[in-house]
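Single-letter residue listing:
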Amino acid sequence: MKTIRANRKVGMNTRVCQYRGDRAYRQGRISCWVLGGLGCLGLVLLSFVLIYMLGRAVQQSGFTQSVQQAQRMEQIVEPRLKAIYQAIQRYTTAHNGKYPPNLQTLVPKYLNPEALQPIAVDEKTQVKIIYKPPKPTDPGDTIILEHQPPITMKMSVFGEKIEMRITLQIQKDGRVSQMQESISSSGERRVRQRVRPSAP
């Protein structure tokens, strides 16, 4: 008899705890909807303000203009690199796999002389193509063509000045790689090499 009453008492306490827990959950949910909802709205508004401020900072830093200028320069330089690489391939095919000692050897049979002229990007910048003859034993990822000077982007975000230098390169196996170098105002330098999967 005592055991049955104890079980009933335990069951009653369990139901009371469940009821109290449900009521507390509902109360917490209501308070979250009333107060927390306003808090969520405030976070949404704050995020919009931060995004707007970041966009303004990036716009004032000249980042967009630098990116557009770098893209225009890349569109000029990359086709020239690919044309020279294809001329090198035609030369090696005709000479049993032997690479030309210099780019002048390709003119005029395999390459037009204009292709070796410096590329005038603007009034102050002229880009030259650099050729590095590979050895027969060099692996496929050996860089044989690149340009100098690199594509440069300068920006200032939240007072931090950053300079990006991008150099397009073509490997021995024909893949295009991109060397990205970033230099902060404190002198910190980071270099990253990215290789495209497709051949020119």
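Residues numbered from 1 in each chain as written. Predicted model: local features only at pLDDT ≥ 70, side-chain atom pairs only at ≥ 80, totals over all residues. Heavy atoms only, no water.

**So, the overall build of the protein**
Of regular secondary structure, the protein possesses two helices and seven strands. Secondary structure elements of the protein occur, N-terminal to C-terminal, as α-α-β-β-β-β-β-β-β. For the protein, the residues scored as buried account for 28% of the 200 residues in total. In the protein, once contacts between residues fewer than 6 apart in sequence are set aside, the share between residues at least 24 apart is 45%. Accessible surface for the protein amounts to roughly 14,100 Å². Of this, 57% is attributable to carbon and sulfur atoms. (Helix = DSSP H or I, 4+ residues; strand = E, 2+ residues; numbered from the N terminus. Buried < 20%, exposed > 50% of the residue type's maximum accessible area, 1.4 Å probe, protein only. Contact = heavy atoms within 4.5 Å. Areas by Shrake-Rupley, 256 points an atom, 1.4 Å probe, with all protein chains shown as cover.)

**Some thoughts on the confidence of the model for the protein**
In the predicted model, the protein carries a mean pLDDT of 75, and the fraction of residues at 70 or more is 62%. By mean pLDDT, the top-scoring element of the protein is strand β3 (residues 143-148) (96), and the lowest-scoring one is helix α1 (residues 2-60) (49). The low-confidence segment residues 1-38, where pLDDT is below 50, has three contacts with residues more than four positions distant or belonging to other chains. (pLDDT = per-residue confidence, 0-100.)

**Focus on the pairing of strand β7 (residues 189-195)**
In this structure, strand β6 (residues 176-184) lies alongside β7, joined through seven bridges in antiparallel fashion. Across the sheet, residue glutamine 178 finds its bridge partner in β7, namely arginine 194. As consecutive antiparallel partners, β6 and β7 are separated by four residues, and within that stretch glycine 187 has a phi angle of approximately 95°, a positive value. (Pairing = 2+ DSSP bridges.)

**Observations concerning the pairing of strand β5 (residues 160-171)**
In this structure, β3 lies alongside β5, joined through three bridges in antiparallel fashion. Of the residues in β5, the one forming a bridge with leucine 145 is isoleucine 170. Here β5 pairs with β6 via nine bridges, running antiparallel. Among the inter-strand pairings, leucine 168 is bridged to a residue of β6, identified as glutamine 178. Connecting the antiparallel pair β5 and β6 is a turn made up of four residues, with glycine 174 showing a positive phi of about 95°.

**Description of the pattern of salt bridges**
Pairs may arise between side chains of opposite charge once their charged atoms sit close together. Summed over the entire model, instances satisfying the criterion amount to six salt bridges. As a salt-bridge pair, lysine 82 and glutamate 78 come within 3.1 Å of each other at their nearest N and O atoms. On the criterion of helical spacing, the pair formed by lysine 82 and glutamate 78 is a turn pair, its members being four residues apart in helix α2 (residues 63-94). (Salt bridge = Lys/Arg side-chain N within 4 Å of Asp/Glu carboxyl O.)

**Quick look at the environment of serine 186**
Looking at the secondary structure, you find serine 186 in the loop between β6 and β7. Considered as a pair, serine 186 and lysine 161 are 25 residues apart in the sequence and their alpha carbons are 8.7 Å apart. One polar contact links serine 186 to serine 184, side chain to side chain, over a distance of 2.9 Å. (Polar contact = N/O pair within 3.5 Å; in protein donor to acceptor, adjacent residues only side chain to side chain.)

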